[in-house]
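Architecture at a glance
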Amino acid sequence: MKISIITLFPEVFDPILNTSILRRAQQKAKVTFELINLRDFGEGKHKVVDDRPYGGGAGMVLKPDILAKAVSSIINRKSHIVLMSASGTPYNQQRARVLSKLDHLIIICGHYEGVDQRLIDKYVDEEISIGDFVLTGGEIPAMAIVDSIVRLLPKVLKKEEATVNESFTKNLLEGPQYTRPEEFEGKKVPTVLLSGNHAAIAKWRTEKSLQKTKRVRPDLLK
């Protein structure tokens, strides 16, 4: 899989893309990353990439012609283009699984007041939001999207079953986890987890998962 990221701040991605699972995925040749600096396509001496919005209003808008040049430099017939946007469709684990099947994902990191709608209409396949809040740019959301996708690629994780029973996979939150020591500050590990009875453990985990989902995210059960 290839993931191309169009951003005004490519330098912020290096520490994330070259650490832990994302680094391992590259070493295993499961994914390649491409960082496109939007400023390289800017106009004039100062490499301008934005302008004031028609109709007035605060902030600046990324110019469609500049973004189109950046997109055109990397797009191919297998490319799927995503724009990180606070007004996009809420992201979830199911969408992560769909995107992980792509050959080429292009992520556009929005900035300032947004992106000219004409660019979105012509080039963008979907707008994605990671939550009901606003950030200064799309870089942090893009990192979250990349991490969620790459860990799902075959043979990236040492134990691929780790992605099967985690939160949101079955529209349930993952239940509590325990490790050594067996007793910590007066609290003991639930007896069932020490029993060796796999059927009983599976049942307990399902019950705890359901309980947590009802308490924390009842909307998932609808």
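As a reminder, the structure under discussion sits directly above these lines.
Anyway, here's the lowdown on the structure attached to this text. Because the structure is predicted, anything quoted here is derived from the model rather than measured. (Residues numbered from 1 in each chain as written. Predicted model: local features only at pLDDT ≥ 70, side-chain atom pairs only at ≥ 80, totals over all residues. Heavy atoms only, no water.)

1. Description of the nonpolar core
Short version of the rule: Residue types Ala, Val, Leu, Ile, Met, Phe, Trp, Tyr and Cys, when buried and joined through side-chain atoms within 4.5 Å, form a set referred to as a nonpolar core. Burial status follows relative accessibility: with a 1.4 Å probe on protein chains alone, a residue under 20% of its type maximum counts as buried, one over 50% as exposed, and anything between as partly exposed. Segments assigned H or I by DSSP are reported as helices when at least four residues long, segments assigned E as strands when at least two residues long, and all are numbered from the N terminus. We call two residues in contact when some of their heavy atoms are within 4.5 Å.
With 26 residues, the main nonpolar core has Ile3, Phe33, Ile107, Ile145, Val146 and Val150 as its most contacted residues. For this core, the secondary structure elements donating two or more residues are strand E1 (2-7), helix H2 (20-27), strand E5 (79-90), helix H4 (93-99), strand E6 (104-109) and helix H6 (139-150). Here the element with the most residues in this core is H6; it accounts for 6 residues. Contacts of Val150, omitting those with residues within four sequence positions, involve Ile3, Leu22, Ala25, Val31, Phe33 and Val156. With 21 residues, the next largest nonpolar core counts Leu38, Leu62, Leu67 and Ile120 among its residues.

2. Points about the sheet that holds E5
To keep things clear, this is the line we draw: A pair of strands counts as paired when DSSP detects no fewer than two bridges linking them. A fitted line through C-alpha atoms represents every axis, and for helices the fit uses only the stretch in contact; the resulting angles, taken between N-to-C directions, go from 0 to 180 degrees.
Within the open sheet, the 5 strands sit side by side as E2-E1-E6-E5-E7. Their pairing is parallel. Looking along the sheet, the strands with just one partner apiece sit at the ends: strand E2 (32-37) and strand E7 (126-129). Taken over all neighbouring pairs, the strand axes of this sheet differ in orientation by 30 degrees on average, direction set aside. With 5 bridges joining them, E5 and E7 adopt parallel strand pairing. Opposite Leu83, over in E7, you have Glu127 as the bridge partner. The sheet strands contacting helix H3 (residues 64-72) are E1, E2, E5 and E6, and the helix crosses E1 at an angle near 160 degrees.

3. Observations regarding a nonpolar patch on the surface
Rules: By definition, no residue in a patch forms a salt bridge, and every one has over 30% relative accessible area; like charges are joined within 9 Å, nonpolar side chains (Val, Leu, Ile, Met, Phe, Trp, Tyr) within 5 Å. The Shrake-Rupley method, run with a 1.4 Å probe sphere, supplies the accessible areas, and residue values consider only the shown protein chains as cover. By definition here, a salt bridge exists when the distance from a side-chain nitrogen of Lys or Arg to a carboxyl oxygen of Asp or Glu is within 4 Å.
A cluster of nonpolar residues, Ile130, Phe133, Leu135 and Ile140, forms a patch on the protein surface that exposes about 350 Å² of accessible area. Mapping Ile130 onto the fold places it in the loop between E7 and H6. Ile130 sits in the partly exposed class, given a relative accessible area of 33%.

4. Points about the environment of Ile6
Checked against the element boundaries, Ile6 lands in strand E1. Here the alpha-carbon distance between Ile6 and Lys155, two residues 149 residues apart in the chain, equals 27 Å. Those residues in contact with Ile6 that sit more than four places away from it in its chain are Ile36, Leu38, Leu67, Ala70, Val71, Ile74, Ile106, Ile107, Ile108 and Cys109.

5. Some thoughts on the side chain of Glu139
Heads up, the rule is: Here Asp and Glu are counted as negative and Lys and Arg as positive; His is not counted, and neither are the chain ends. A 3.5 Å cut-off defines polar contacts: any pair of N or O atoms within that distance qualifies, except that in protein one atom must be a possible hydrogen donor and the other a possible acceptor, and neighbouring residues in sequence count only when both atoms are side-chain atoms.
Within the secondary structure layout, Glu139 lies in helix H6. The side chain of Glu139 is buried and forms no salt bridge, while Arg39, the nearest opposite charge, is found at 9.7 Å. Within the local environment of Glu139, its side chain forms a polar contact with the side chain of Thr7, the two groups lying 2.6 Å apart. With residues up to four places along the chain from it excluded, the contact list for Glu139 reads Thr7, Leu8, Phe9, Val12, Phe13, Cys109, Gly110 and His111.

6. Re the pairing of E1
Most of E1 is tucked away, with 5 of its 6 residues classed as buried. Direction of pairing for E1 relative to E6: parallel, over a ladder of 5 bridges. Across the sheet, Ile3 pairs through a bridge with Leu105, a residue of E6.

7. Regarding the packing of aromatic side chains
Selection rule: Each Phe, Tyr or Trp ring (for Trp, its six-membered ring) is paired with any other whose centre lies within 6.5 Å, and the angle between the two planes then decides the class: stacked below 30 degrees, edge-to-face above 60, tilted in between.
This model, assessed by the stated rule, comprises 1 aromatic pair. Each ring, one from Tyr178 and one from Trp204, has its centre 6.5 Å from the other, and the planes form 50 degrees; the classification is tilted. Within this pair, whereas Tyr178 is found in the loop between H6 and strand E8 (183-184), its partner Trp204 is found in helix H7 (residues 198-216), the two being separated by 26 residues in sequence. For Tyr178, a relative accessible area of 43% corresponds to the partly exposed category.

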